[in-house]
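# Residue-level structure breakdown
The chain contents come next:
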Amino acid sequence: MASNAHHIPQRIRFSLASLYNCKASHASAKTSITTFPVRLLPTARSVSAASMSYSTCSSTFTWDDVVRVSQPEYSPDDSSDLHGYFEKIKNCNRGSELQSEFLPFIIEGRVVGYIHNGFASHLRRYDDVFVFSEKNGGRFGSHVTLNSKLRTAEERTKAVGEIVKCLGEEELIPGIRNELYPVSSSFDAPIFFSLERAAAPYFGIKVYGVQMNGYVEKGGQKFLWIGKRSQVKPTYPGMLDQLVAGGLPRDITCGENLIKECEEEAGIPRPVSSGALPVGAVSYMDIDGFSYKRDVLFCYDLKLPEDFVPKNQDGEVEGFQLIPVTHVANVIRRTEFFKPNCSLVIIDFLFRHGYICPEYFGYLDLLQSLRSGDCS
């Protein structure tokens, strides 16, 4: 069978980062960045769908640790060293060498996802819903599709949903949330059906989200409000996060979803949150075991009043801290404290607000890498 890798959008080659590291070592005599320890499980390459990675491991650092490692005196001046940023982008774009292990998931002649051969073996039990084409040639080669008798989005949503529920009970899809995400080939394309959020990476569907940097200006300096995720969150418990972030479920616009998340996560009232500015998007593609994440995050900035203090309403945030932007940049460069995709959104903020300059070696490579995934 021919490899399916050519069906998958082009991935950025991180040899650019390696080239940067090599040249930087000759261009500068700076002391290497100190990495502050954080307890994380090793990245798993197990084929088990329920294998645990660091996303489910509780992080044990405190706000005092965050403040300490963020200080300029903690490490020699490294503001122009982009190595730590490149590492964060690599963390969100793992597994490109494993693309050929996935079958295209096709609906009405469109690629809507990618399913690992191992996970597909569980779907073969449900041949009244999932159909496997073993063709070596043709436009898609071997692929997975849905039974043609499932003609409407509602029929597909119900049929696939029942199977996902069964797989959840078998712990093949952990963390069922009863939240549906739309399934389409791109953001503006027709929605073919809706899929349980926890199942999204196992079907490799495009997932969209909104993430907002809430900042304050005082004394001629910019500060970012940073959240620390609850220790009971099913993913990335205890890690640092944007002030507001959330996935984009079906039947809601990005703007309305952001306003809803602002209220739930930070107690920001609508008259304030409606002032958030859409400033672009970042994207990444991450393969880990059976999981294939193809995420696009719509980025927003919101300038907040100096006296505003966020208050979590849904129990998903342990607390908030207002931290100088330059110190937040230090935390990203030096540690693994942030939930991985949050680093991308903050790095984008650093570009747009002038904290990363064209004079820094690797500037354009880093800028381009913020959209390593299929941003469509």
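Residues numbered from 1 in each chain as written. Predicted model: local features only at pLDDT ≥ 70, side-chain atom pairs only at ≥ 80, totals over all residues. Heavy atoms only, no water.

When helices and strands are tallied, the chain shows 11 helices and 13 strands. Counting the 376 residues in the chain, one finds 55% classified as buried. Here the contacts in the chain between residues at least 6 apart in sequence split such that 71% fall between residues at least 24 apart. By element, 52% of the accessible surface of the chain is carried by carbon and sulfur atoms, the whole surface being about 16500 Å². (Helix = DSSP H or I, 4+ residues; strand = E, 2+ residues; numbered from the N terminus. Buried < 20%, exposed > 50% of the residue type's maximum accessible area, 1.4 Å probe, protein only. Contact = heavy atoms within 4.5 Å. Areas by Shrake-Rupley, 256 points an atom, 1.4 Å probe, with all protein chains shown as cover.)

Our focus in this paragraph is helix α5 (residues 153–169). For α5, which comprises 17 residues, the first-to-last C-alpha distance of 24 Å matches the rise-based estimate of 24 Å (1.5 Å per residue) to within 8%. Every buried residue of α5 is listed here: R156, T157, A159, V160, I163, V164, L167 and G168. E171 lies just past α5 and shows a positive phi near 65°. (Expected span 1.5 Å × (residues − 1).)

Judged by nonpolar contacts, the single largest core of 38 residues is most densely connected at Y85, I226, L240, F338, I356 and L366. Looking at this core, the elements with two or more residues in it are α2 (63–70), α3 (83–92), β8 (221–229), β11 (277–288), β12 (291–303), α9 (325–334), α10 (340–352) and α11 (363–369). Here this core gets 8 residues from one element, more than from any other, and that element is α10. For Y85, the residues in contact, after removing those within four places along its chain, are A329, I332, R333, I347, L350, I356 and L366. If you look at the next biggest cluster of nonpolar residues, it comprises 35 residues, including V112, I115, L146 and I173. (Core = buried A, V, L, I, M, F, W, Y, C linked by side-chain atoms within 4.5 Å.)

The next point concerns unusual backbone geometry. Non-glycine residue E171 carries a positive phi angle of around 65°. Examined against the element boundaries, E171 turns out to sit in the loop between α5 and β5 (180–183). Judged by relative accessible area, E171 falls into the exposed class, the value being 57%. The backbone of D251 sits at a positive phi, close to 65°, despite the residue not being glycine. Following the sequence through the fold, D251 ends up in the loop between β10 (244–247) and α7 (254–266).

Relative orientation of the contacting elements α3 and α10 amounts to 140°, with a least axis distance of 8 Å. One finds that α3 runs oblique with respect to α10. By crossing handedness, the relation of α3 to α10 is classed as left-handed. On α10, the residues that touch Y85, K88, I89 and C92 of α3 are P340, N341, S343, L344, I347 and L350. (Axes fitted to C-alpha atoms, helices over the stretch in contact; angles between N-to-C directions. Parallel < 35°, antiparallel > 145°, perpendicular 65-115°, else oblique. Left-handed = near helix turned anticlockwise from the far one by under 90°.)

Right, let's get into the pattern of salt bridges. All told, the structure shown has 22 salt bridges when counted by the stated rule. Notably, a salt bridge pairs D251 with R250, separated by 3.8 Å at the nearest N-O pair. Exposure remark for D251: the relative accessible area of 76% places this residue in the exposed category. Taking relative accessible area as the criterion, R250 reaches 37% and is therefore assigned partly exposed. Measuring nitrogen to oxygen at the nearest pair gives 2.6 Å for the salt bridge that ties R352 to D301. (Salt bridge = Lys/Arg side-chain N within 4 Å of Asp/Glu carboxyl O.)

All right, on to the side chain of Q211 then. When you line up the elements, Q211 lands in strand β7 (residues 206–218). Excluding residues within four positions of it along the chain, Q211 makes contact with Q242, V244, A245, L297, F298, C299, Y300, K339, N341, C342 and V345.

To continue, consider the sheet that holds strand β1 (residues 102–107). Here we have 4 strands laid out as an open sheet, ordered β2-β1-β4-β3, and mixed in their pairing. Each having just a single partner strand, β2 (110–116) and β3 (130–133) make up the two edges of the open sheet. Pairs of neighbouring strands in the sheet enclose a mean axial angle of 30°, with direction left out of account. Sheet topology note: the β3/strand β4 (residues 143–146) ladder contains 4 bridges and is antiparallel. (Pairing = 2+ DSSP bridges.)

Here the focus is the confidence of the model for the chain. Residues of the chain with pLDDT of at least 70 account for 84%, and the chain-wide mean is 87. Scored below 50 in pLDDT, residues 1–53 shows 105 contacts in the model against residues more than four places distant or in partner chains. (pLDDT = per-residue confidence, 0-100.)

Bringing the packing of aromatic side chains into the picture now. Under the defined criterion, the tally for this structure stands at 14 aromatic pairs. A connected cluster of aromatic rings, assembled from ring pairs, spans F105, F119, F130, F193, Y202, F203 and F290. Between R124 and the ring centre of F132, over which it is positioned, the NZ or CZ distance is 4.0 Å. Here the guanidinium or amino end of K218 rests over the ring plane of F223, the centre of that ring lying 5.1 Å away. (Phe/Tyr/Trp six-rings, centres within 6.5 Å; stacked < 30°, edge-to-face > 60°. Lys NZ or Arg CZ within 6 Å of the ring centre and 35° of its normal.)

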